[in-house]
Amino acid sequence: MQPTVSADHHEISYLEIQPHPEIEDFVYCFWQLKTHVTLPTPYEYRVVSDGCIDIFFTPRHPTESFIMGFSQKFVQFPIGTAFEYIGIRFLPAAFPLLFGVDAKTLSNQSQALDHILPSFAEWIRTAIRPTDSFENITALLNKKIIGYLQNREIQYDTRFLAALHLILKKKGHLDTEKYLDTGLSPRQLRRVFNFYIGTTAKSFSNVVRFQHILHATPSQQSLTENKLYLAIGFFDQAHFIKNFKTFYGVTPSEAFR
């Protein structure tokens, strides 16, 4: 999950479209962030930690496309007063599986897609037209990624996938050094998580735990009264708030207003 634009913010919209069923194990969503009028000041866009890898571009100027890897903390930057961005949010491990790219080389940064997947960047330049709607672009992206999936023989590491499944099942609340006993040594576990996710199993688990809080959409009151943070391994409220702010950029009370 990423922060959505407030319903009261009529000048900007954020939309998500679900992928074709054939690629839903690889793509979480296609997304669009767009202004409807020119803003008086540059918009500050915040990306929170979600464990995913995103490709994104501006359809009006598809000559430039980018990729953002796993982030260990939130990122915030101004993106101007008039914009439209469209992106593909790949599920954890999906991008390296599809394209064979080491996720560690993408972590904690945004890069030109030309440097990572030049053929995909060239396809965006030639296939996407400035007049295309978000729905039409999504249809093109679905078809393109389905083609990649059909033409690539994917080698699955079942030991890594078992470890990934366990982290997700436990909502990130586990001691990765003790309980990820899936046939991988600690050194192998570190290597495969760096390749497929872009970070260690422990660091990824922390992001999964953070995302679990977002999906629970707690109120300020329920966070305090129900102490959800204790159930997922935080020792106290201060520790939870510090951790949350690292991944989100603001405190839980500010995020769940």
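Reading guide: rules and limits
- Residues numbered from 1 in each chain as written.
- Predicted model: local features only at pLDDT ≥ 70, side-chain atom pairs only at ≥ 80, totals over all residues.
- Heavy atoms only, no water.
- Salt bridge = Lys/Arg side-chain N within 4 Å of Asp/Glu carboxyl O.
- Helix = DSSP H or I, 4+ residues; strand = E, 2+ residues; numbered from the N terminus.
- Buried < 20%, exposed > 50% of the residue type's maximum accessible area, 1.4 Å probe, protein only.
- Expected span 1.5 Å × (residues − 1).
- Contact = heavy atoms within 4.5 Å.
- Pairing = 2+ DSSP bridges.
- Axes fitted to C-alpha atoms, helices over the stretch in contact; angles between N-to-C directions.
- Left-handed = near helix turned anticlockwise from the far one by under 90°.
- Nonpolar A, V, L, I, M, F, W, Y, C, P; charged D, E, K, R; others polar.

Considering the pattern of salt bridges
Thought 1: Summed over all chains, the structure comprises 8 salt bridges.
Thought 2: For Glu16, the salt bridge identified is with Arg89, shortest N-O distance 3.5 Å. With a gap of 73 residues between them, Glu16 in strand E1 (residues 12-17) and Arg89 in strand E7 (residues 84-90) connect regions that are remote in the sequence.
Thought 3: Take Glu16: its relative accessible area is 34%, and that puts it in the partly exposed class.
Thought 4: Between Asp114 and Arg125 there is a salt bridge, with its nearest N and O atoms 2.9 Å apart. With Asp114 in helix H2 (residues 113-116) and Arg125 in helix H3 (residues 118-127), the pair connects residues that are 11 residues apart, well separated along the chain.

Let's talk about unusual backbone geometry
Most peptide bonds adopt trans geometry, and most residues besides glycine take a negative phi value.
Thought 1: The backbone phi angle of Ala93 is positive, close to 80°, even though this residue is not glycine.
Thought 2: In this structure, Ala93 sits in the loop between E7 and helix H1 (94-99).
Thought 3: One non-glycine residue, Lys171, lies in positive phi territory at about 55°.
Thought 4: The topology assignment puts Lys171 in the loop between helix H5 (158-169) and helix H6 (176-179).

Section: helix H8 (residues 201-216)
The α-helix winds at 3.6 residues per turn, so residues separated by three or four positions along the chain end up facing the same way.
Thought 1: In this model H8 runs 22 Å from its N-terminal to its C-terminal C-alpha over 16 residues, within 8% of the 22 Å that 1.5 Å per residue would give.
Thought 2: Within the sequence span of H8, burial applies to Ala201, Ser203, Phe204, Ser205, Val207, Val208, Arg209, Phe210, Gln211, Ile213 and Leu214.

Re helix H7 (residues 186-196)
Thought 1: Considered for burial, the residues of H7 that qualify are Leu189, Val192, Phe193, Asn194 and Tyr196.
Thought 2: Looking at the packing, one finds that the buried side of H7 touches H1, H5, H6 and H8.
Thought 3: A positive phi of about 110° marks Gly198, the residue just after H7.

Examining the pairing of strand E5 (residues 65-68)
Thought 1: Inspection of the sheet shows strand E4 (residues 53-57) paired to E5 by 4 bridges, in the antiparallel sense. Bridge assignment links Asp54 to a residue of E5, and that residue is Met68.
Thought 2: When E5 meets strand E8 (residues 110-112), the two strands line up antiparallel, connected through 3 bridges. Bridged to Phe66 within E8 is Ala112.

Observations concerning the sheet that holds E4
Thought 1: In spatial order, the strands read E1-E2-E7-E4-E5-E8; together these 6 strands make up an open sheet with antiparallel pairing. Looking at the sheet topology across the chains shown, the edges are occupied by E1 and E8. Each adjacent strand pair in this sheet contributes to an overall mean axis angle of 20°, direction not counted.
Thought 2: Along the sheet, H3 contacts E4, E5 and E7; its crossing angle with E4, the most-contacted strand, is approximately 35°.
Thought 3: Across the sheet, helix H4 (residues 134-151) touches E1, strand E2 (27-35), E4 and E7, and the angle it forms with E2 is around 150°.

A closer look at the packing of H5 against H8
Thought 1: At their nearest, the axes of H5 and H8 sit 9 Å apart, and the two run at 35° to each other. The crossing of H5 and H8 is right-handed. Within the contact between the two elements, H5 uses Leu164, Ile167 and Leu168 and H8 uses Ala201, Phe204, Ser205 and Val208.
Thought 2: Considering only residue class, the contact of H5 with H8 consists of 6 nonpolar, 1 polar and no charged.

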